[in-house]
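# Overview (structure and organization)
So the chains spell out like this:
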There are 2 protein chains.
Amino acid sequence: MSSQIPTGTTEPGSQPRYAAIKAHIRAQIESGEWAAHFRVPSENQLAHDFSVSRMTARRALSELTDEGVLIRSQGLGTFVAEPVPAGSLLEVRNIADEIAARGHSYANRILKLEQTTASTEVSVALGLAEGSAVYHSVIVHLDNDLPIQFEERYTNPTLVPEYLQQDFTAATPNEYLTRVAPLTEADTTVEAIGADDTVGEALEIKSGTACLQIWRRTKSSAGTVSFARLVHPGNRYRLGAQLRF
Amino acid sequence: MSSQIPTGTTEPGSQPRYAAIKAHIRAQIESGEWAAHFRVPSENQLAHDFSVSRMTARRALSELTDEGVLIRSQGLGTFVAEPVPAGSLLEVRNIADEIAARGHSYANRILKLEQTTASTEVSVALGLAEGSAVYHSVIVHLDNDLPIQFEERYTNPTLVPEYLQQDFTAATPNEYLTRVAPLTEADTTVEAIGADDTVGEALEIKSGTACLQIWRRTKSSAGTVSFARLVHPGNRYRLGAQLRF
DNA sequence: CAGTGGTCTAGACCACTGG
DNA sequence: CAGTGGTCTAGACCACTGG
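Residues numbered from 1 in each chain as written. Chains lettered and ligands numbered in written order. Predicted model: local features only at pLDDT ≥ 70, side-chain atom pairs only at ≥ 80, totals over all residues. Heavy atoms only, no water.

### Comments concerning the confidence of the model for chain A
Residue and element names in this part refer to chain A.
- Across chain A, the average pLDDT comes to 85, with 89% of residues at or above 70.
- Of all secondary-structure elements in chain A, the lowest mean pLDDT belongs to strand β4 (residues 87–88), at 61, while strand β1 (residues 39–40) reaches the highest, 96.
- Ignoring residues within four places in sequence, the model shows residues 1–12, a span with pLDDT below 50, making 10 contacts including any to other chains. (pLDDT = per-residue confidence, 0-100. Helix = DSSP H or I, 4+ residues; strand = E, 2+ residues; numbered from the N terminus. Contact = heavy atoms within 4.5 Å.)

Have a look at this one:
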């Protein structure tokens, strides 16, 4: 980092300077030198230490934040992030129970609870005509006050007419539905996505953060009960399964 | 975007300018105006259209690229990305067969095939003493020449002594292991991660891109055969399961 | 208040692609 | 060659946090 390099140029064959700074920070964390919650040097400090502009130091910190390695807070500083909890995959468990089983406190935020009309996707999933009335809820579930699941759910009003009258702060949709329309079948799809703006805001993470997105269609003996989209911040959740053959 | 705004300032209460540009691009894509493979305006064009500096236009394009919405190529331009394929979850299927089942061409790149010593994590997973000799392979699997899985695998040399002598361009590790040490049990963990630099390079995606990471420990009657880490680009892969109760 | 991160500018040089 | 995206600078103003 000592030789003079002209603007916008990188030494041939070497990595970009922001990448060198990222590597340095990762190395400190992996060696244990910088533990979780350790406050890493500020943008200005790194810019000085590595003889780069603040924008370049900033890029290193921003990318590591996007990658879940660091956490930034305006006015406070940048800190080393910490590891993750875990959930179940082959069962359809109630998130509140999962959290309680970990000995953590559970809470939620109800963002929407309304009747709406079925989009093409929702109508196909629930086996209803397009434009039919469906119930729609959006709830954020919190583990020790930290958002851990964004739940968007469409429910068949014929099978669960009382859905909108429930108090979901007391019992989650999963808990309620399991009681009134026992589960006989579930289709699940799992994928990784970058959070969009809506999800990012709800989960208090940056747009683009890697998230586990689970689509789940649940059926009871009477038909398809609901269609849910569950989004978990990648660094705050895992799914596990033990298979036997 | 017409009023003069001083440097570094945003109109109070409004979103940042890069966010406005992102929203505009998303709107074009969602309305169908810009289909997959459509070439979006260049950084300079957007900078001119929105009266911002190129760095600000660039930020909008970069973030959308990180989020899997766009694909960028130096010298060519920036293009609208397209939707995704899908795989299976409850079985342990051979990726080459999955790809063939979709009617696509399969190929792979063998990055490593070596003997090494077991780290703490690997020794625990395989039930060996720390520092024991283990076989290690790193292979990238391609679907129609597009990287779709980064497979890093540690194998127990006692149970599969011929592992390093195999030609994995002809039969994948999964295929070979299934033949010589039939599967009796598998532990699977699924999570979302942002790609690190190694994985990003191997999968030809940007560091930080959302990926599905699957940890899988496979056992046969004789013991734990191998411990694998499978990383899929989030926008190129899905896992599905149908559960019955 | 000084220090932090967040947004933004107007330039620069570079590697890479197609024609 | 002109046009594209990739890296980088040296400044600016801002909102926010703690003391």
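### Points about the environment of Arg72 of chain B
Residues and elements named next belong to chain B.
- Counting through the fold element by element, Arg72 comes out in strand β2 (residues 70–73).
- Sequence separation of Arg72 and Leu61 is 11 residues, and the distance between their C-alpha atoms is 8.5 Å.
- Excluding anything up to four places from it in sequence, Arg72 contacts Glu43, Arg58, Leu61, Ser62, Thr65, Gly77 and Thr78.
- One polar contact links Arg72 to Glu43, side chain to side chain, over a distance of 2.9 Å.
- Among the polar contacts made by the side chain of Arg72, one reaches the side chain of Thr78 at a distance of 3.1 Å. (Polar contact = N/O pair within 3.5 Å; in protein donor to acceptor, adjacent residues only side chain to side chain.)

### A few points about the interface of chain A and chain B
- Counting residues at the interface gives 39 residues for chain A and 39 residues for chain B.
- Buried surface at the junction of chain A and chain B, both sides included, amounts to about 3200 Å², of which 53% is carbon and sulfur.
- For the pair chain A and chain B, the number of links is 3 salt bridges.
- The shortest N-O distance in the salt bridge between Glu63 of chain B and Lys206 of chain A comes to 3.8 Å.
- For the side of chain A that touches chain B, the secondary structure elements donating two or more residues are α3 (54–66), β8 (185–194), β9 (210–220) and β11 (239–244) of chain A.
- By residue number, the principal contributor to the side of chain A that touches chain B is β8 of chain A, which donates 10 residues.
- Its residues placed into classes, the side of chain A that touches chain B shows 18 nonpolar, 10 polar and 11 charged. (Buried area = accessible area lost by both parts, 1.4 Å probe. Salt bridge = Lys/Arg side-chain N within 4 Å of Asp/Glu carboxyl O. Nonpolar A, V, L, I, M, F, W, Y, C, P; charged D, E, K, R; others polar.)

### A few points about the side chain of Gln213 of chain A
All names here are of chain A.
- By the element assignment, Gln213 lies in strand β9.
- Among the polar contacts made by the side chain of Gln213, one reaches the side chain of Arg229 at a distance of 3.1 Å.
- Filtering out sequence-adjacent residues up to four positions away, Gln213 remains in contact with Thr189, Val190, Glu191, Ile193, Arg229, Leu230 and Val231.

### Looking at the protein's contact with DNA strand D
- Not every one of the 31 residues close to DNA strand D is listed here, only the nearest: Arg17, Ser53 and Thr56 of chain A together with Arg54 and Gln74 of chain B.
- For DNA strand D, the backbone portion of the atoms within 4 Å of the protein, that is sugar and phosphate, comes to 61%.
- Arg54 of chain A places a side-chain nitrogen or oxygen 3.2 Å from a base nitrogen of DNA strand D.
- At 3.0 Å, a side-chain N or O of Arg58 of chain B approaches a phosphate oxygen of DNA strand D. (Near = heavy atom within 4 Å.)

### Thoughts on the protein's contact with DNA strand C
- Taken together, 31 residues sit near DNA strand C, with Arg54 of chain A together with Arg17, Ser53, Thr56 and Arg59 of chain B positioned nearest.
- Per the 4 Å cut-off to the protein, sugar and phosphate atoms form 61% of the nearby atoms of DNA strand C.
- A distance of 3.2 Å separates a base oxygen of DNA strand C from a polar atom in the backbone of Gly75 of chain A.
- Between DNA strand C and Arg59 of chain B, the relevant distance is 2.8 Å, taken from a phosphate oxygen to a side-chain nitrogen or oxygen of the residue.

### Thoughts on the nonpolar core
- In terms of nonpolar packing, the biggest core is built from 24 residues, with Val190, Leu212 and Leu239 of chain A together with Val190, Leu212 and Leu239 of chain B touching the most fellow members.
- Mapped by element, the contributors of at least two residues to this core are α4 (95–101), β8, β9 and β10 (223–233) of chain A together with α4 (95–101), β8 (185–194), β9 (210–220) and β10 (223–233) of chain B. (Core = buried A, V, L, I, M, F, W, Y, C linked by side-chain atoms within 4.5 Å. Buried < 20%, exposed > 50% of the residue type's maximum accessible area, 1.4 Å probe, protein only.)

### Quick word on unusual backbone geometry
- In this structure, Asp145 of chain A is a non-glycine residue whose phi angle is positive, near 70°.
- As for its position among the elements, Asp145 of chain A is in the loop between β6 (133–143) and β7 (146–155).
- Asp145 of chain A gets classed as exposed once you look at its relative accessible area, which sits at 55%.
- Notably, His37 of chain B is not glycine yet its phi reads approximately 75°, a positive angle.

### Things to note about the sheet that holds strand β3 (residues 77–80) of chain B
Residue and element names in this part refer to chain B.
- Spatially, 3 strands are ordered β1-β3-β2 in an open sheet, and the strand pairing comes out antiparallel. Each end of this open sheet is capped by a strand with a single partner; those strands are β1 (39–40) and β2.
- Looking at chain direction, β1 and β3 are connected through 2 bridges and run antiparallel. Within β3, the position partnered with Arg39 by the bridge is Phe79.
- Sitting on the sheet, helix α3 (residues 54–66) touches β1, β2 and β3, and the angle it makes with β2 is about 115°. (Pairing = 2+ DSSP bridges. Axes fitted to C-alpha atoms, helices over the stretch in contact; angles between N-to-C directions.)

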